[in-house]
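This is what each chain is made of:
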Amino acid sequence: MTDYLKIDHVDKSFMRGSNETEVLKDIVLTIDSGEYVSIIGHSGCGKSTLLNIVAGLLPVTRGAVLLQNQEVNEPGPDRAVVFQNHSLLPWLTVYQNVRLAVDKVFAGKRSRDERHQWTMHNLELVQMAHAKDKRPIGNFRRHEAARRPCPRAC
Amino acid sequence: MNMPVLKSETVTAEPTATATIVALPPRRSPLAGRAAARLRAISARVVPPLVMVTLVLLIWELLCRKAGSTLPPPSKVLSDTWELIVDPFFDRGGLDKGLFWHLSASLQRVALGYALASVVGVALGTLVGQSIWAMRGLDPIFQVLRTVPPLAWLPLALAAFRQGQPSAIFVIFITAIWPIIINTAVGIRNIPQDYRNVAAVLRLNHLEFFYKIMIPAAAPLHLHRPAHRHRPVLAGDRRSRDVDRRRRHRLLYLGRVELLAHQRDHPGAGYVGLVGFVLDRIVAGIANAVTRGTAAN
């Protein structure tokens, strides 16, 4: 069985002016499908940097990230990211926030009605269907942010 | 889970106190209550400006009442210009028109100049906000040109266009464009990284990014403090109009006529101020609509 996600000798350093800060060095990690992995470390040790690289938001300095043997070099809705901040768009309602992602992922693949159903289904999973027309505020944001990145299983 | 059993053994005393019925005062009818609350909210907004305006007029009156003061007191301005105030619609041909016509001509120029400035300004601001290279290249130019006073553009505009109308519109355009460019660029540069990440993860294309993220995220800054933009624009237009008029009627602008014209400008200033206030509110309303309520003043 091939590895589902493979982080292969990844180095990451940030350039600030002429200063180079090495954050990650020679990270090797393989994760199987369905496996849960926690990355634990003190503040500033590069946990988020690693996750951002897997998400494709940051380029690696050396090495590569492989998802099902495909190199990750850009972000995409196939990898779910729940950001540290909720990252919901405050000018959209709860429904519209989720629908934005659903529309992008299923554009041309599912009908308008199916996309609506799927959005509502996901909102119901986190018991947020009652608030679909409200704007995201406070603690509810995290629940909903968890719904937006559309899991691969969908 | 055993608690109820224990409890039933210890609870022995019968409740002795009987409840007394407290008659609450009847609630005011909801309609009257709402109307009163509404009235209170309105008066809370209307009373302070009224008090301050009265106070300022009073001080003005007191300062200018004595004989020989250089400016007339408000009561004299009012009585001298009453016919202009009450009848803004007269038209005796030429420039001898009511204030309404002057203002409407002014507003048309403002609308045109401002619309042009918005289009060009938002485009340039977006460029400068998105690209560091463009920012470094264009920012010095903007900063230098920005400080050129509107009136200083007028001779240039007159030399270029050789007509009053396009020159006036150009002056409005050039007055309005700098704050639009700068506010747009700042607004775009301040789009939180979070929102850019969302756009990246969802793979929004440039157009979607512009409509779904950039405009709502940047609009609060974009349309921030509209007063700072319209007032100078209107003032700029007034100035250019005056100069325009002065150019054509240079001989008339002598002695007493000049003084009369000066006094006539008082109600004009009042009207311009009111129109500026209305524009201010309109832009605030647009900001509210564009950001869907997230830019609460």
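Computed from a predicted model, the values in this text were never measured in an experiment.

So, how was this worked out
Residues numbered from 1 in each chain as written. Chains lettered and ligands numbered in written order. Predicted model: local features only at pLDDT ≥ 70, side-chain atom pairs only at ≥ 80, totals over all residues. Heavy atoms only, no water. pLDDT = per-residue confidence, 0-100. Helix = DSSP H or I, 4+ residues; strand = E, 2+ residues; numbered from the N terminus. Contact = heavy atoms within 4.5 Å. Core = buried A, V, L, I, M, F, W, Y, C linked by side-chain atoms within 4.5 Å. Buried < 20%, exposed > 50% of the residue type's maximum accessible area, 1.4 Å probe, protein only. Axes fitted to C-alpha atoms, helices over the stretch in contact; angles between N-to-C directions. Parallel < 35°, antiparallel > 145°, perpendicular 65-115°, else oblique. Left-handed = near helix turned anticlockwise from the far one by under 90°. Buried area = accessible area lost by both parts, 1.4 Å probe. Salt bridge = Lys/Arg side-chain N within 4 Å of Asp/Glu carboxyl O. Polar contact = N/O pair within 3.5 Å; in protein donor to acceptor, adjacent residues only side chain to side chain. Nonpolar A, V, L, I, M, F, W, Y, C, P; charged D, E, K, R; others polar. Patch = residues over 30% accessible without salt bridge, like charges linked within 9 Å, V, L, I, M, F, W, Y side chains within 5 Å. Areas by Shrake-Rupley, 256 points an atom, 1.4 Å probe, with all protein chains shown as cover.

Digging into the confidence of the model for chain B
Residue and element names in this part refer to chain B. Summary statistics for chain B give a mean pLDDT of 75 and a share of 73% for residues scoring 70 or more. Here helix α11 (residues 226-248) is the element of chain B with the lowest mean pLDDT, 43, and helix α6 (residues 132-146) is the one with the highest, 91. Residue range residues 1-9 is modelled with pLDDT below 50. Its contacts to residues more than four positions away, or to other chains, number zero contacts. Overall, residues 224-264 carries pLDDT values under 50, and its contacts beyond four positions in sequence, including any with other chains, amount to 67 contacts. Across the interfaces of the predicted complex, the ipTM metric reaches 0.70, alongside a pTM of 0.60.

A short note on the nonpolar core
Residues Leu89 of chain A together with Ile191, Tyr195 and Ile213 of chain B are the most contacted members of the largest nonpolar core, which totals 21 residues. Elements with a contribution of two residues or more to this core: α2 (94-106) of chain A together with α9 (193-201) and α10 (206-222) of chain B. For this core, the element with the highest residue contribution is α10 of chain B, accounting for five residues. For tyrosine 195 of chain B, the residues in contact, after removing those within four places along its chain, are Leu88, Leu89, Pro90 and Trp91 of chain A together with Ile213 and Ala217 of chain B. Formed by 16 residues, the second largest nonpolar core is a distinct cluster that contains Val128, Leu158, Val171 and Ala176 of chain B.

Examining the packing of helix α7 (residues 150-161) of chain B against helix α8 (residues 164-189) of chain B
Residue and element names in this part refer to chain B. As a packed pair, α7 and α8 sit with axes 9 Å apart at the nearest point and diverge in direction by 140 degrees. Relative to α8, the element α7 is oriented oblique. The element α7 and its partner α8 pack so that their crossing is right-handed. Across from Pro150, Trp153, Leu154, Ala157, Leu158 and Phe161 in α7, the residues of α8 making contact are Gly164, Pro166, Ser167, Phe170, Val171, Ile174 and Thr175.

Overview of the interface of chain A and chain B
On the side of chain B, 19 residues touch chain A, which itself brings 21 residues to the contact. Buried area between chain A and chain B, both sides added, is near 1800 Å², and the carbon and sulfur share of it is 64%. Together, Trp91, Leu100 and Lys104 of chain A form the three largest contributors to the area buried by chain A at its contact with chain B, with a combined 36%. Our count for the contact surface shared by chain A and chain B stands at two salt bridges. Between glutamate 74 of chain A and arginine 203 of chain B there is a salt bridge; the shortest N-O distance is 3.7 Å. Counting the contacts that link chain A with chain B gives four residue pairs in polar contact (both at pLDDT 80 or more). Of the residues belonging to the side of chain A that touches chain B, the class tally is 12 nonpolar, four polar and five charged.

A short note on a nonpolar patch on the surface
On the surface, a nonpolar cluster with roughly 550 Å² of combined accessible area is contributed by Val47, Val51, Met52, Leu55, Ile59 and Leu63 of chain B. By the secondary structure assignment, isoleucine 59 of chain B is in helix α2 (residues 30-64).

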